[in-house]
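A structural walkthrough
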Amino acid sequence: MSWRLETPRVLVVDLDGDKGSAVRARTGSMVAYEGEVTFKHAGSGGGGGLRAAFKQRVTGESLPLMDVSGRGRVHFAVDAGYVLLLDLAGEVLKAESESLLCLSEGLRTDVVFTGLQGASSGQGLFTTSVTGRGRVALLSLGGPPIALRVSPQHPLVVDPDAYIGCLGDVSQSFVTDVSWRNLVGESSGEAFSLRFEGRGTVFIQPEER
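A brief report on the enclosed structure follows. Just so we're clear, the structure is a prediction, and the values are computed from it rather than from any experiment. Per chain, the residues get numbers from 1 upward, laid out in the order the sequence is written. Residues qualify for local features only when their pLDDT is at least 70, as the model is predicted, and side-chain atom pairs are given and counted only at 80 or more; totals for whole chains, interfaces and linings, by contrast, use all residues. As a rule here, side-chain values cover all heavy atoms of the structure and leave hydrogens and water aside.

**Considering the overall build of the protein**
Going by this rule: Only runs of H or I of at least four residues qualify as helices and only runs of E of at least two qualify as strands under DSSP, and these elements are numbered from the N terminus. Exposure classes here rest on a 1.4 Å probe applied to the protein chains alone. A residue is buried below 20% of its type maximum, exposed above 50%, and partly exposed in between. We call two residues in contact whenever any of their non-hydrogen atoms come within 4.5 Å of each other. Only the protein chains shown count as cover for residues, and all accessible areas are computed by the Shrake-Rupley method using a 1.4 Å probe.
Within the protein one finds two helices and 15 strands. Buried residues in the protein amount to 46% of all 209 residues. Partitioning the intrachain contacts of the protein with sequence separation of at least 6 by distance along the chain shows that 79% fall at a separation of at least 24. With the model as given, the accessible surface of the protein reaches about 10,200 Å², and the carbon-plus-sulfur share is 52%.

Here it is as structure tokens:
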């Protein structure tokens, strides 16, 4: 099985039909395929099991996925968004569920708590975690994705409307002192930013939601 970007906005996965040659993809993201390929609903929890399904129902962090298997070539895309390919080797990836496009079959998803603030900007109190070893394709619906490093010496503050996900040993907190919003006329409501500390990478999009 191989993954590649046909264009920056289209992911192509070649399935060879062997054991382990299957992926879970965002429901409705298939735009074309060749060969003998089967699509089916990944079940409650998007393949993460009943516990993940329960968490998704309670938290609203919906993760609609389909199982894609067989022998052939499948093209995936969503709303002409840019695709970012990542290889996980045991690290933890945290991402908004809407940013997940495709996952290797062996990866596990769950819902994790992110903090006590955030609902007012559309960023929920929970996010989706992906663990294990395999490949992940993330979506950036607001332009080409940008990867920013985080280290103990250099924490990072991000606009929540630009945030896609983070990878590595990174902790997230909320910062309510966001005077920069006052300068652009967005001071109404509950303004806050996301602060990341630790060691890893944070992925953002250049256009806000």
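Here the narrative resumes, following the displayed structure.
**Re the environment of G165**
By the element assignment, G165 lies in strand β14 (residues 163–175). The buried category is assigned to G165, whose relative accessible area is 0%. Filtering out sequence-adjacent residues up to four positions away, G165 remains in contact with K94, A95, T201, V202 and F203.

**What about unusual backbone geometry?**
Non-glycine residue D79 carries a positive phi angle of around 50°. Its place among the elements puts D79 in the loop between β5 (65–76) and β6 (82–89). A positive phi angle, close to 55°, is found at A80, a residue other than glycine. Note that A80 resides in the loop between β5 and β6. Given the relative accessible area of 46%, A80 is considered partly exposed.

**A look at the packing of aromatic side chains**
Note the threshold: Within 6.5 Å between ring centres, the rings of Phe, Tyr and Trp (the latter by its six-membered ring) count as paired, and their orientation is classed by plane angle as stacked under 30 degrees, edge-to-face over 60, tilted in between.
A full pass over the atoms with the stated rule returns two aromatic pairs. Ring centres 5.2 Å apart and planes at 65° place the aromatic pair Y33 and F39 in the edge-to-face group. Seen from their ring centres, Y163 and F196 are 5.3 Å apart, and the 25° between their planes marks the pair as stacked. Here F196 lies in strand β15 (residues 193–204) and Y163 lies in strand β14, a separation of 33 residues in the sequence. We note that Y163, like F196, is buried.

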